[in-house]
2 protein chains.
Amino acid sequence: MIGVLVSGAGTNLQALIDARLPIACVGSNKPDVMGLERAAKAGIETGVFELDSYPDRSARDTALADWLLGSGAEWIVLAGYMHVLTPAFLSRFPRRVINLHPALLPSFPGAHPIDDALAYGVRWTGVSVHFVDEGVDTGPIILQEPVEVRNDDNAETLAERIHSVEHRLLPEAARLCLDGRVCLGESSRRVMIT
Amino acid sequence: MIGVLVSGAGTNLQALIDARLPIACVGSNKPDVMGLERAAKAGIETGVFELDSYPDRSARDTALADWLLGSGAEWIVLAGYMHVLTPAFLSRFPRRVINLHPALLPSFPGAHPIDDALAYGVRWTGVSVHFVDEGVDTGPIILQEPVEVRNDDNAETLAERIHSVEHRLLPEAARLCLDGRVCLGESSRRVMIT
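Structural notes, computed from the coordinates. None of the values given here were measured: they were computed from a predicted structure.

### What to know about the overall build of chain A
And step 1. When helices and strands are counted, chain A shows six helices and nine strands.
And step 2. Taking 16 Å as the expected radius of gyration for a compact globule of 194 residues, we find that chain A reaches 16 Å, a close match to that expectation.
And step 3. Along the first, second and third principal axes, the C-alpha set of chain A runs to 50 × 40 × 35 Å.
And step 4. Expressed as a percentage of its 194 residues, the buried residues of chain A come to 53%.

### Let's talk about the relation of the copies chain B and chain A
And step 1. Its rotation angle being 180°, the transformation that places chain B on chain A also includes 0.0 Å of axial translation and leaves an RMSD of 0.0 Å. As the rotation angle and translation indicate, the two copies are arranged about a two-fold axis. Within chain B, the C-alpha atom positioned nearest to the axis of rotation is that of S107 of chain B, 2.6 Å from it.
And step 2. The fraction of interface residues of chain B whose copies in chain A are also interface residues reaches 100%, indicating that both copies meet through the same surface.

### Observations concerning the state of the cysteines
And step 1. Scanning the model with the defined rule gives zero disulfides over all chains in all.
And step 2. Its sulfur unpaired, C177 of chain A is 10 Å from the next cysteine sulfur, which belongs to C183 of chain A.

### Things to note about helix α2 (residues 34–41) of chain A
All names here are of chain A.
And step 1. By the burial criterion, the buried members of α2 are G35, L36 and A39. Take α2 and look down its axis: the buried residues cluster within an arc of 100°, on one side only. Summarising the geometry of α2, the exposed residues directed more than 90 degrees from the buried face are E37, A40 and K41.
And step 2. Note on α2: the residue one or two positions beyond its end, G43, has a positive phi of about 75°.

The rules behind these values
- Residues numbered from 1 in each chain as written.
- Chains lettered and ligands numbered in written order.
- Predicted model: local features only at pLDDT ≥ 70, side-chain atom pairs only at ≥ 80, totals over all residues.
- Heavy atoms only, no water.
- Helix = DSSP H or I, 4+ residues; strand = E, 2+ residues; numbered from the N terminus.
- Rg over C-alpha atoms; globule rule 2.2 N^0.38 Å.
- Buried < 20%, exposed > 50% of the residue type's maximum accessible area, 1.4 Å probe, protein only.
- Least-squares fit on C-alpha atoms with pLDDT ≥ 70 in both.
- Contact = heavy atoms within 4.5 Å.
- Disulfide = S-S within 2.5 Å.
- Arc of directions from axis to C-beta.

In short, geometric facts, not functional conclusions.
This is how it looks when you write it as structure tokens:
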């Protein structure tokens, strides 16, 4: 089972639901977001863990991890979750948290990868699914897929093509994780898909 | 006409020759390299510009630029040329020097892009042809092509597939430059192919 974390619209959560991934629960750091509505509509347990409700980030992340584990989540999938996870969280799911990033990492980490790719002038960007570590978009890569940048692309047209790849690649990666086909050794950050 | 600079085997020079690009001359910073032999065999004028023969790098680059201009070269193509070009050179060919890099820039700049890509664990790397500026592999990108990294790739097998893309992409980019189809505005580093 996977636990999914969202912060907003949850279009990638919808892709996971549509792909019939077994989803234990959906958590959010914000109340009243569309992602929670999508989960409720699909009959999935939801939870809200606002930072303001806890003494600090670490306490919030501990409560979130407890809840996810209690719901039966073995793998955690970030689907547009916009908070960095603390060691208090990551240590509970060692090498079991995956995230989506709309660029071919290590190019264009951070909050504005589509704009950054257009400003740099690359001819190809893409989508990465990677393990989450304590850095920003620095964890070992599970799957990637390139997306061509066209002469006439703007941020909107490029984002549309990137998002459609995301909606395919994230469910595929989650499925591979659940099936035990994603192998990451101790001595290398190179992931093998078996 | 293009002028080509080499430092070694010149396999990418050979790709330019085989693609029947109009080559004015081939310069090298080293004597007795295979690249010079390939040029001679194709009946192309050659020149050697060793750093040791000049008071400094800037003087060498000025002599090299004079020679290239005198040979009728309008565009300069680096085909495995391993010295950084000084402003003394680049100012003579403004936005007219292109280079090949075996990675999808801005990922993995520098001297070991194929090893670096394997060590990072990307699932896709590739080839970039870019304008040369005073940085290391930082200039505006003209063409790119992704190359998939396979589970069982080592540096040798990956390099082989990357080199075969290089041998196609560099002649294609040189042709686009000569045909005036590569447009780089003053206000953006985004190159348009027309």
